Amino acid sequence: MKRKGTILLLVAGLLSSMHLPAAFAGDVAEPDGYRTDEYRAPTPETLHGAQVVTTAEAQALWREKKAVFFDVMPNTPKPANLPAGTIWRDKPRSDIPGSVWLANVGYGALTKEQEAYFRDGLSAHTGNDKARPILFYCMTDCWMSWNAARRAIEWGHSSVIWYPAGADGWEKAGFPLEEKKPLAGG
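(A) Representation of the overall build of the chain in the model. A tally of helices and strands in the chain yields 6 helices and 7 strands. The helix and strand sequence of the chain, counted from the amino end, reads α-α-β-α-β-β-β-α-β-α-β-α-β. In the chain, the share of contacts with a sequence separation of at least 24, taken over all contacts with a separation of at least 6, comes to 77%.

(B) Highlighting unusual backbone geometry. Within the chain, K65 stands out as a residue other than glycine whose phi angle is a positive 55°. By secondary structure assignment, the location of K65 is in the loop between α3 (55–63) and β2 (68–71). A relative accessible area of 72% places K65 in the exposed class. Phi is positive for N104, close to 70°, though the residue is something other than glycine. Following the sequence through the fold, N104 ends up in the loop between β4 (100–101) and α4 (112–126).

(C) Just the sheet that holds β4, in detail. In space, the 5 strands of this open sheet follow the order β1-β6-β5-β2-β4, with parallel pairing throughout. Only two strands of the sheet have a single neighbouring strand rather than two, namely β1 (51–52) and β4. Bridge count between strand β5 (residues 134–137) and strand β6 (residues 160–162): 3 bridges; the pairing is parallel. For L135, the partnering residue across the bridge sits in β6 and is I161. Packed on one face of the sheet, α3 meets β1, β2, β5 and β6 and runs near 125° to β2.

(D) A look at the nonpolar core. Ranked by internal contacts, the top residues of the largest apolar core, which has 43 residues, are F70, F118, L122, I134, L135, F136 and Y163. Those elements giving two or more residues to this core turn out to be α3, β2, β4, α4, β5, α5 (143–154), β6 and α6 (166–172). Ranked by residue count, the leading element in this core is α5, at 6 residues.

(E) Layout of α4. For α4, which comprises 15 residues, the first-to-last C-alpha distance of 21 Å matches the rise-based estimate of 21 Å (1.5 Å per residue) to within 8%. Looking only at α4, the buried set comprises Y117, F118, G121, L122 and T126. Down the axis of α4, the sector holding all buried residues measures 140°, keeping them to one side. In this structure, α4 carries K112, E113, D120 and A124 as exposed residues pointing more than 90 degrees from its buried face. Just past α4, the residue G127 takes up positive phi, approximately 65°.

(F) The packing of aromatic side chains, seen in detail. All told, the structure shown has 8 aromatic pairs when counted by the stated rule. Both rings, one in Y39 and one in Y107, keep their centres 5.4 Å apart while their planes meet at 80°; by these two values the pair is edge-to-face. Of this pair, Y39 sits in the loop between α2 (22–25) and β1 while Y107 sits in the loop between β4 and α4, placing them 68 residues apart in sequence. Taking the relative accessible area as the measure of exposure, Y107 reaches 26% and is therefore partly exposed. In textbook terms, an aromatic cluster arises when at least three aromatic residues are bridged by ring pairs, as seen for W62, Y163, W170 and F175. The ring of W155 carries R119 above its face, with NZ or CZ at 3.9 Å from the centroid.

(G) Spatial organisation of the pattern of salt bridges. A full pass over the atoms with the stated rule returns 7 salt bridges. Put simply, R119 and E115 hold a salt bridge, and the shortest N to O gap is 3.2 Å. Of the two residues, R119 and E115 both sit in helix α4, 4 residues apart, roughly one turn of that helix. Given the relative accessible area of 30%, E115 is considered partly exposed. For K180, the salt bridge identified is with E178, shortest N-O distance 3.3 Å. A single salt-bridge network, built from bridges that share partners, covers R63, E64 and K66.

Here is what the cut-offs are and how they apply
Residues numbered from 1 in each chain as written. Predicted model: local features only at pLDDT ≥ 70, side-chain atom pairs only at ≥ 80, totals over all residues. Heavy atoms only, no water. Helix = DSSP H or I, 4+ residues; strand = E, 2+ residues; numbered from the N terminus. Contact = heavy atoms within 4.5 Å. Buried < 20%, exposed > 50% of the residue type's maximum accessible area, 1.4 Å probe, protein only. Pairing = 2+ DSSP bridges. Axes fitted to C-alpha atoms, helices over the stretch in contact; angles between N-to-C directions. Core = buried A, V, L, I, M, F, W, Y, C linked by side-chain atoms within 4.5 Å. Expected span 1.5 Å × (residues − 1). Arc of directions from axis to C-beta. Phe/Tyr/Trp six-rings, centres within 6.5 Å; stacked < 30°, edge-to-face > 60°. Lys NZ or Arg CZ within 6 Å of the ring centre and 35° of its normal. Salt bridge = Lys/Arg side-chain N within 4 Å of Asp/Glu carboxyl O.

Everything listed is a geometric property; what it means functionally is a separate question.
In structure tokens, the structure reads:
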């Protein structure tokens, strides 16, 4: 029995050191449409029509102020049916400094109100310049930023940047964060 265990460990070690095909390595293909469920899951390494950046590249864009940064992480609103006297505290959100938090615009399907809020936020912070570089992020393994960046491309923005590592990747690299509130109207 001990020998079988040793052989299994040896085989497992060999398999883990091999380069496996994409289907087994966890690579995620770009979907044809927007992701509409399980938003916290591995994301593709690409987004057709967008530039995908690493943390170092995002930090250089931030430091040189070469893009408008948009956080699209959802915001949990205060429930309307809380019992009287219940204390509600908004969950704090730490963002890349200078970012605009456009809450709830990364879902696969947006309401008319969410779409208007998203379009208005983009317009206000780009000066209506669809060629101005815009960077989208949320968290690592978060489809919200992928969806939002894809939607901006669909709406004619020509310099869309997607930062898949998000605020947690930024923090892990030791870069500063600041507490934010979502842009009003979302």
